[in-house]
Amino acid sequence: MSETPGAGPPGTPTTLFDHALRLHRLTPNAPLFRGGAPFPGAERRRGGPERKASLAPTRDGADADADAVKVLDEYFDGTDDDTDGDTDVVRPATPHELAERLRGLPVSARHHERISGAALRAPAGRTREAGRWLVRHGTDTGSVAIGLALLAEAGTVADIGRIQTIGLLSNAFGPLVARALERLPGGVEALIWLAERATEWGRVHAVEALCRHVDDHPAVRPWLLRNAAADGEFLNSYVASDAARATGLHDVVVDARTDAAVVDQTGRILHVMTYCEGMGTSLRHYPHALTVMEAHVRHLGHLGPTEERYCDATTVSRYLGAETPAWSDDDGLQARWDDVRRSYVDLLGRTEWRNTAREGLAAGHARLTWLVDSVVPELGLRASLAAEGDRPCADPLSGA
């Protein structure tokens, strides 16, 4: 993370690494603005001959990577045709020449066995040299992705910094960065660092990787328990239930000493699990849902309201009224399901919780405003949001 980007000669394309590093220095403790988009040269590539120099949209990349694998095999084989075309001469190509040959080829954004195989067939030192150069000096997403794939097989601890830096362009390189880091000693700490600075798909892949290492590193479980589901990220749908299972959330949250950060993260996970069906495990399919919700609402009663807690409790209450547990048809489970819904609704009806909602509405809290307009009436709560002495509003929020 200490390399200084160079401007290069006039007209030299900006490397993606330098682009990421420059933006990171503007917001060192937060994600890059717009995830780093647009990348350098995007306008030129959009209309020019390099239009296809991008990551393949396919998930497996089997067809997309075929040409790239051929280029890699030729590069690592070290042969090239001589000027007369009569014989093969041994002339190892440079990483720069490799980048030129890769330019314009579609490349998978994910790990693929054929790319991995090409890397493993070559001497580790040569694979590492090419990977480092492509990650550090690549000016298009395809060549940088190949560099990351090479470092995933032959990288060392010395590569963590450069992988982290390019990983800040998380939507482009998330799966490859996560794979490269989690295979290295010290890579778990780097994944945590990156997960705190990645958004959207890049964050998804970082959190998924961390879930695989809960038992390997002491920092992972505490981090996931407090940070797995970022507030407002729809793609949390893909990782919330994984994080709940990996951390043993149902065991952690029942402890009376559970801290507020874990309780609030539990609320975010429960909220996500109300809408993640088809992407992750929804609440009605989560076997530990009742244990987690009963503990969560109990903790909320002791901690008191915040705007976020009010929103999470409202969302979960509505879901419980619309759905039933799907993992069992036991009448006792249905009774508990109904009881925990009543507990949330009772909590929302308390004076201090109503006051918190009013304050949030007055401040223009967008999510709270939507919930009051569309969800709160379904819960049977009655409220007047008007200040005392004002004309009463029709909004049903408090028990007047």
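Before reading further, recall that the structure is shown in the block above.
The rules behind each value
Residues numbered from 1 in each chain as written. Predicted model: local features only at pLDDT ≥ 70, side-chain atom pairs only at ≥ 80, totals over all residues. Heavy atoms only, no water. Helix = DSSP H or I, 4+ residues; strand = E, 2+ residues; numbered from the N terminus. Buried < 20%, exposed > 50% of the residue type's maximum accessible area, 1.4 Å probe, protein only. Contact = heavy atoms within 4.5 Å. Areas by Shrake-Rupley, 256 points an atom, 1.4 Å probe, with all protein chains shown as cover. Arc of directions from axis to C-beta. Axes fitted to C-alpha atoms, helices over the stretch in contact; angles between N-to-C directions. Parallel < 35°, antiparallel > 145°, perpendicular 65-115°, else oblique. Left-handed = near helix turned anticlockwise from the far one by under 90°. Salt bridge = Lys/Arg side-chain N within 4 Å of Asp/Glu carboxyl O.

Turning to the overall build of the protein, a few remarks are in order. A count of helical and extended segments in the protein gives 20 helices and 4 strands. Put simply, the protein has 400 residues, and 51% of those count as buried. Counting only contacts in the protein whose residues sit at least 6 apart along the sequence, the fraction spanning at least 24 positions is 70%. Of the roughly 18,400 Å² of accessible surface on the protein, a fraction of 51% belongs to carbon and sulfur atoms.

The next subject is helix H4 (residues 95-102). Inspection of H4 places Pro95, Leu98, Ala99 and Leu102 among the buried residues, and these make up the whole buried set. Along H4, the residues classed as buried sweep out an arc of 100 degrees about the axis, all on the same side. Where H4 is buried, its residues contact helix H3 (66-77), helix H6 (124-137) and helix H7 (141-154).

Between H4 and H6, whose axes approach to 9 Å, the crossing angle comes to 65 degrees. Here H4 lies roughly perpendicular to H6, going by the angle between them. In this structure, H4 meets H6 at a crossing whose hand is right-handed. Of the residues in H6, those in contact with Pro95, His96, Leu98, Ala99 and Leu102 of H4 are Glu129, Ala130, Trp133 and Leu134.

Among the 9 residues in helix H10 (residues 187-195), 8 count as buried, and that is most of the element. Those residues of H10 lying buried are Gly187, Val188, Ala190, Leu191, Ile192, Trp193, Leu194 and Ala195.

You can see Val214 is positioned in the loop between helix H11 (200-211) and helix H12 (220-227). Distance in space between the C-alpha atoms of Val214 and Gly248 is 10.0 Å, their sequence separation being 34 residues. Those residues in contact with Val214 that sit more than four places away from it in its chain are Val220, Arg221, Leu224 and Ala246.

Right, let's talk about the pattern of salt bridges for a bit. According to the stated counting rule, one finds 21 salt bridges in the structure shown. Close ionic contact of Glu182 with Arg212 constitutes a salt bridge, the shortest N to O distance being 2.6 Å. Placement of Glu182 in helix H9 (residues 170-182) and of Arg212 in the loop between H11 and H12 is noted, with a sequence separation of 30 residues between them. Its relative accessible area of 19% is what places Glu182 among the buried residues. The salt bridge involving Arg221 is made with Asp215; its shortest N-O contact spans 3.0 Å. Residue classification places Asp215 among the exposed positions, given a relative accessible area of 69%.

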